[in-house]
Amino acid sequence: MFNETLTKEGDIENLYDFLSECDELEIVFEEGSYGAYIDSMLGLKQDFNKGPWWLFSSENNETCKEEGMCPAVQNLGINDGDQFVFSYTNEF
């Protein structure tokens, strides 16, 4: 289990760019019809067709709050202080 606070540094504008810089998470992205998605994190690979899947949410990111869900990582702008929870789950 990984429970860590990671800090945004530099000119990172979206969640994809931020996660790409976090080598300790060992993230592998794949391209889908809505953009990149997390295919593997911390050595746990998802099965896109039947799960488990990597999902993420945020209670304080403005876009996630406004849309009622977080969009794809490349489309999700982030700000200092945003917090995200990543879940490896069989349920939506």
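Residues numbered from 1 in each chain as written. Predicted model: local features only at pLDDT ≥ 70, side-chain atom pairs only at ≥ 80, totals over all residues. Heavy atoms only, no water.

Asks: Before we move on, could you go through the overall build of the chain and cite the residues and values that matter?
Replies: Along its length, the chain carries two helices and five strands. Of the regular secondary structure in the chain, the N- to C-terminal order runs α-β-β-β-β-α-β. Projected onto its principal axes, the C-alpha coordinates of the chain cover approximately 35 × 30 × 25 Å. Here the chain holds 92 residues, and the buried ones make up 34% of them. In the chain, 45% of the contacts between residues at least 6 apart in sequence involve partners at least 24 apart. Surface exposure of the chain reaches about 6500 Å², of which carbon and sulfur atoms provide 44%. Measuring between centres, the 4 positive side-chain charges of the chain sit 7 Å from its 20 negative side-chain charges. (Helix = DSSP H or I, 4+ residues; strand = E, 2+ residues; numbered from the N terminus. Buried < 20%, exposed > 50% of the residue type's maximum accessible area, 1.4 Å probe, protein only. Contact = heavy atoms within 4.5 Å. Areas by Shrake-Rupley, 256 points an atom, 1.4 Å probe, with all protein chains shown as cover. Lys, Arg positive; Asp, Glu negative; His and termini not counted. Charge placed at Lys NZ, Arg CZ, Asp CG, Glu CD.)

Asks: A description of the side chain of D39 should follow, citing residues and the corresponding values.
Replies: Inspection of the secondary structure assignment puts D39 in strand β2 (residues 35–41). Accessibility expressed as a relative area gives 5% for D39, which makes it buried. In terms of polar contacts, D39 uses its side chain to reach the side chain of K45, at 2.3 Å. Each residue touching D39, except ones within four places of it in the same chain, is listed here: V28, F29, E30, L44, K45, Q46 and W54. (Polar contact = N/O pair within 3.5 Å; in protein donor to acceptor, adjacent residues only side chain to side chain.)

Asks: So what's going on with the packing of aromatic side chains? Residues and values would help.
Replies: Enumeration over the complete set of coordinates arrives at five aromatic pairs. Each ring, one from Y16 and one from F29, has its centre 4.5 Å from the other, and the planes form 45°; the classification is tilted. One end of the pair, Y16, is in helix α1 (residues 15–20); the other, F29, is in strand β1 (residues 28–32), with 13 residues separating them in the sequence. On the basis of relative accessible area, Y16 is assigned to the partly exposed category, the value being 24%. Measuring from ring centre to ring centre gives 5.0 Å for Y37 and F48, while their planes differ by 35°; the resulting arrangement is tilted. Of this pair, Y37 sits in strand β2 while F48 sits in the loop between β3 (44–45) and β4 (53–57), and the two are eleven residues apart along the sequence. Judged by its relative accessible area of 22%, Y37 falls in the partly exposed class. (Phe/Tyr/Trp six-rings, centres within 6.5 Å; stacked < 30°, edge-to-face > 60°.)

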